[in-house]
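As a plain string of letters, each chain reads:
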Amino acid sequence: MTSRTSGPDRRDLLSALAAGAGLAACASAQAPAPTAVPAAVPATGPRKSRTGFPVLVGSANALAGMKLHYQRLLDGADPLDIAIDTIKVTEADPTDDSVGLGGLPNEEGVVQLDAACMYGPRHKSGAVGCIENILHPSEVARLVLERTDHCLLVGKDAYRFARAHGHEHVELLTEASRKKWMEWKETMSTNDDRLPPPPKLPHVAAARTRSSFLRDRVTGTIHVSALAKDGAIACCTSTSGMSWKIPGRVGDSPIIGSGLYCDQEVGSAGATGRGEACILAQGSATMVELMRNGASPLDAGLQTLERVVRQTKRQARWQPDLLDERGWPSFNLVFYVLGLDGTAAGVALYQPRDGGVLTYAVATPDEGPRLVATQALLS
Ligand code: ASP
């Protein structure tokens, strides 16, 4: 099913681009900028690419796939191949209830998946939203990238597209996930995503209950950003989305600029956690733009989280459940950030309240694939 974006053409293109970037840097040091360059080009320019230092960064549940596939990246494999093959390991794992097979369903008990991928050398993306009964939405996202002129297909038509490309129909609701859904339906269904009609004054008391629901609800997604040996960058995100979501809801994961984004001049970023907050902040595109303007991956991630906090406080004037009793976001959001120079970071709004440690997965030539603690903005 895997079809490679890489090949002689892509490698040639990439070397040509790298050579061109080098020439441009020389030219700007020695001669005035050509008048045709628009004034809006950021003064800091593209980040310097580091070749020969392949890196993977992503959510903690990507570790198993990284362990299987990182060696191929070290050997010179294409970053999109490795990002997707890493994610497919978790999509096929019935014990991970946040992605693919065994993913927690929507409020009707139907597993609806979102996935997207993006490829730096071509600056092209592909995505599927709300797709059902397909085991590897990440591969279908790649088909959208490679075999269409579009960026996003949704719902039944995304399913038909996948079937036309040979993907099998698979029942994704496992017994374990069905039981969790039924338990929620029988006991927790007042805690769902349907809001009452807009009140004249916020219903603070009712909001308190839902605030703890937002904090405790089961969430999860897988993201991987990959930097190849030759400096090519790519990323992929795949999810079953928020558990018990309203049917048809699409989160941040398949939205380019929100759940993932990469730019061959800068780096890559991705997100897991409350998708609505990430969409409203354009989280991944924001981090890439901050890096373009000189921020490190760590600073780009933390600054974007700070923006999310400010935006959430504004939203909470109408939806108080978005803040907890301390006045901070009642949900978590985690970002994975990778610079073109091979530096990486994982940041979160919070570490878990139970004293546990929220980790992210990273693989570098010196230490290989491992879990590292995320840096939290708030405590
Ligand atoms: N970001 C995902 C979504 O909003 C959910 C998650 O990562 O927990 O669909």
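Structure first, text after, so check above.
Residues numbered from 1 in each chain as written. Predicted model: local features only at pLDDT ≥ 70, side-chain atom pairs only at ≥ 80, totals over all residues. Heavy atoms only, no water.

A. Looking closely at the environment of Asp 149. Assignment of secondary structure puts Asp 149 in the loop between helix 4 (137-147) and strand 4 (152-154). Taking relative accessible area as the criterion, Asp 149 reaches 73% and is therefore assigned exposed. Sequence separation between Asp 149 and Ser 125 is 24 residues; the distance between their C-alpha atoms is 9.8 Å. (Helix = DSSP H or I, 4+ residues; strand = E, 2+ residues; numbered from the N terminus. Buried < 20%, exposed > 50% of the residue type's maximum accessible area, 1.4 Å probe, protein only.)

B. Spotlight on the packing of helix 3 (residues 79-91) against helix 4. Direction vectors running N to C along helix 3 and helix 4 enclose 150 degrees, while the axes themselves pass 8 Å from each other. Taken as axis vectors, helix 3 and helix 4 run roughly antiparallel relative to one another. Judged by residue contacts, Leu 80, Asp 81, Ile 84, Ile 87, Lys 88 and Glu 91 of helix 3 engage Pro 137, Ser 138, Glu 139, Arg 142 and Leu 145 from helix 4. By residue class, the composition of the contact of helix 3 with helix 4 is five nonpolar, one polar and five charged. (Axes fitted to C-alpha atoms, helices over the stretch in contact; angles between N-to-C directions. Parallel < 35°, antiparallel > 145°, perpendicular 65-115°, else oblique. Contact = heavy atoms within 4.5 Å. Nonpolar A, V, L, I, M, F, W, Y, C, P; charged D, E, K, R; others polar.)

C. Local environment of the pairing of strand 6 (residues 233-239). The buried fraction of strand 6 is high, at seven of seven residues. Residues Ile 233, Cys 235, Thr 237 and Thr 239 of strand 6 are buried on one face, and the alternating residues Ala 234, Cys 236 and Ser 238, pointing to the opposite face, are buried as well. Taken together, the six bridges between strand 5 (residues 222-227) and strand 6 define a ladder with antiparallel strand orientation. Pairing of Val 224 across the sheet is with Cys 236, part of strand 6. (Pairing = 2+ DSSP bridges.)

D. Structural detail: the pattern of salt bridges. Under the defined criterion, the tally for this structure stands at 15 salt bridges. Residues Arg 142 and Asp 81 are paired through a salt bridge, measuring 2.9 Å at the closest nitrogen-oxygen approach. One end of the pair, Arg 142, is in helix 4; the other, Asp 81, is in helix 3, and 61 residues separate them in sequence. By sharing partners, the salt bridges in this structure join Asp 263, Glu 265, Glu 289 and Arg 292 into a single network. (Salt bridge = Lys/Arg side-chain N within 4 Å of Asp/Glu carboxyl O.)

E. Broad picture of the pairing of strand 8 (residues 267-273). Taken across its seven residues, strand 8 has seven buried, putting it largely inside the fold. With burial as the criterion, each face of strand 8 is covered, one bearing Gly 267, Ala 269, Ala 271 and Gly 273 and the other bearing Ser 268, Gly 270 and Thr 272. Relative to strand 8, strand 7 (residues 260-263) is paired through four bridges, and the arrangement is antiparallel. Paired with Leu 260 across the bridge in strand 8 is Gly 270. Counting the residues between successive antiparallel strands, the hairpin from strand 7 to strand 8 contains three residues. Alignment of strand 8 against strand 9 (residues 333-339), held across seven bridges, turns out to be antiparallel.

F. Region of the structure containing the site of the ligand. Close to the ligand lie Thr 219, Gly 220, Thr 221, Gly 241, Met 242, Arg 249, Gly 251, Asp 252, Thr 272, Gly 273 and Gly 275. A distance of 2.7 Å is found between a nitrogen atom of the ligand and a side-chain nitrogen or oxygen belonging to Asp 252. When the ligand sits alone it has 270 Å² of accessible area, and the protein chains cover 100% of it. One can see that the ligand is located within the largest cavity. Here the residues of the shell around the ligand sort into one nonpolar, eight polar and two charged. (Near = heavy atom within 4 Å. Polar contact = N/O pair within 3.5 Å; in protein donor to acceptor, adjacent residues only side chain to side chain. Areas by Shrake-Rupley, 256 points an atom, 1.4 Å probe, with all protein chains shown as cover. 1 Å grid on protein atoms, 1.4 Å probe; cavity = no way out; pocket = protein on both sides within 12 Å on 5 of 7 lines; lining within 4 Å. Sits in = over half its atoms within 2 Å of the grid points.)

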